[in-house]
Amino acid sequence: MSLIEDLNWRHAVKAYDPTKKLKEEDLNKILEAARLAPTSSGLQPFRVIVVENQELKEKMVPGSLNPEVMRDSSHVLVFAAWDSYSDEKIDEVYDYHTEVRDLPKGRFSSYTDKIKEIYGAQTPEQHFAHTARQTYIALGLAMAQAAELKIDSTPAEGFSNDVVDEVLGLRQLGLKSVSLLYLGYKDEKNDWLSHMKKVRIPMEEFIIKK
Ligand SMILES: Cc1cc2nc3c(=O)[nH]c(=O)nc-3n(C[C@H](O)[C@H](O)[C@H](O)COP(=O)(O)O)c2cc1C
């Protein structure tokens, strides 16, 4: 199937079959798609937490707009972004880049000095607004990869960030939750969206040609 067919096939599933679990091999492909997402300056300023444990899922139910989806999906991916940028984090990433590319340490120092100056003039709130935006590209790619594998998913912002951060101990890792991607196999009978048409505004309205 083509990418467009996969994107037409998928929808934000509202009910999952709790007896159906993702194969590890499929889960790994979805995670790889997220890992390959491009990010600003290549900093990859977020992590993906994979939650399969039922007890942890139950603890994340309070504040969730989709409690049944939280309970019944096979896995919950939590996209969590750095709470701030720092010179140390930037150096750590670029030291890794030079190591992987077999380049001398400091090869990119004129560039990293520039981004350190830019982020140094910003607040942690501005940093998080930027790191959080990066996660959505990975979320989209993970969703597209899931669709290609015919795995159902639901992207979600309808949850309590405080609860999720607390349950998963994210703040101690310098991370804050941004969005979730529920993964699994739909419960056709209870997923009220299953048999509805996909709705998108017409292309002529969506695209503004200048
Ligand atoms: C960033 C984002 C957050 C969303 N949050 C939720 C959510 O909390 N709960 C939910 O049921 N659907 C959520 N959705 C799903 C959207 O409502 C859905 O993608 C949209 O209506 C388009 O429908 P489709 O994905 O089925 O094609 C979210 C989607 C995105 C992209």
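Residues numbered from 1 in each chain as written. Predicted model: local features only at pLDDT ≥ 70, side-chain atom pairs only at ≥ 80, totals over all residues. Heavy atoms only, no water.

An unreviewed UniProt entry annotates the protein chain as Nitroreductase originating from Chryseobacterium profundimaris. Quoted verbatim from the Cofactor (unreviewed entry) field of the UniProt record, the comment on the protein chain reads "FMN". UniProt, in the comment section headed Sequence similarities (unreviewed entry), describes the protein chain in these words: "Belongs to the nitroreductase family." (UniProt positions renumbered as here; feature names shortened; annotations may be inferred.)

A.B. asks: Quick question: what am I supposed to make of a negative patch on the surface here?
C.D. replies: The grouping of Asp87, Glu88, Asp113 and Glu117 at the surface amounts to a negative patch. Residue assignment for the negative patch shows that the elements contributing at least two residues are α5 (87-100) and α6 (109-120). For Glu88, a relative accessible area of 57% puts it in the exposed group. (Patch = residues over 30% accessible without salt bridge, like charges linked within 9 Å, V, L, I, M, F, W, Y side chains within 5 Å. Areas by Shrake-Rupley, 256 points an atom, 1.4 Å probe, with all protein chains shown as cover. Salt bridge = Lys/Arg side-chain N within 4 Å of Asp/Glu carboxyl O. Lys, Arg positive; Asp, Glu negative; His and termini not counted. Charge placed at Lys NZ, Arg CZ, Asp CG, Glu CD. Helix = DSSP H or I, 4+ residues; strand = E, 2+ residues; numbered from the N terminus. Buried < 20%, exposed > 50% of the residue type's maximum accessible area, 1.4 Å probe, protein only.)

A.B. asks: Mind showing me how you'd approach α6 here?
C.D. replies: Along an α-helix, residues three or four apart share an orientation, since each turn contains 3.6 residues. For α6, which comprises 12 residues, the first-to-last C-alpha distance of 15 Å matches the rise-based estimate of 16 Å (1.5 Å per residue) to within 8%. Packed against the buried residues of α6 are α5 and α7 (124-148). (Expected span 1.5 Å × (residues − 1). Contact = heavy atoms within 4.5 Å.)

A.B. asks: Got a minute to help me understand the sheet that holds strand β1 (residues 46-51) in this structure?
C.D. replies: In a beta sheet, neighbouring strands are held together by backbone hydrogen bonds and run either parallel or antiparallel to one another. Strand order in the open sheet made by the four strands is β1-β2-β4-β3, with antiparallel pairing throughout. Only two strands of the sheet have a single neighbouring strand rather than two, namely β1 and β3 (152-156). Ignoring which end each strand starts from, the neighbouring axes of this sheet average 25° apart. Relative to strand β4 (residues 175-184), strand β2 (residues 75-82) is paired through eight bridges, and the arrangement is antiparallel. For Phe79, the partnering residue across the bridge sits in β4 and is Ser179. Seen against the sheet, α7 touches β1, β2, β3 and β4 and runs at an angle of roughly 10° to β4. Contacts from helix α8 (residues 161-168) reach β1, β2 and β4, with the element oriented near 90° to β4. (Pairing = 2+ DSSP bridges. Axes fitted to C-alpha atoms, helices over the stretch in contact; angles between N-to-C directions.)

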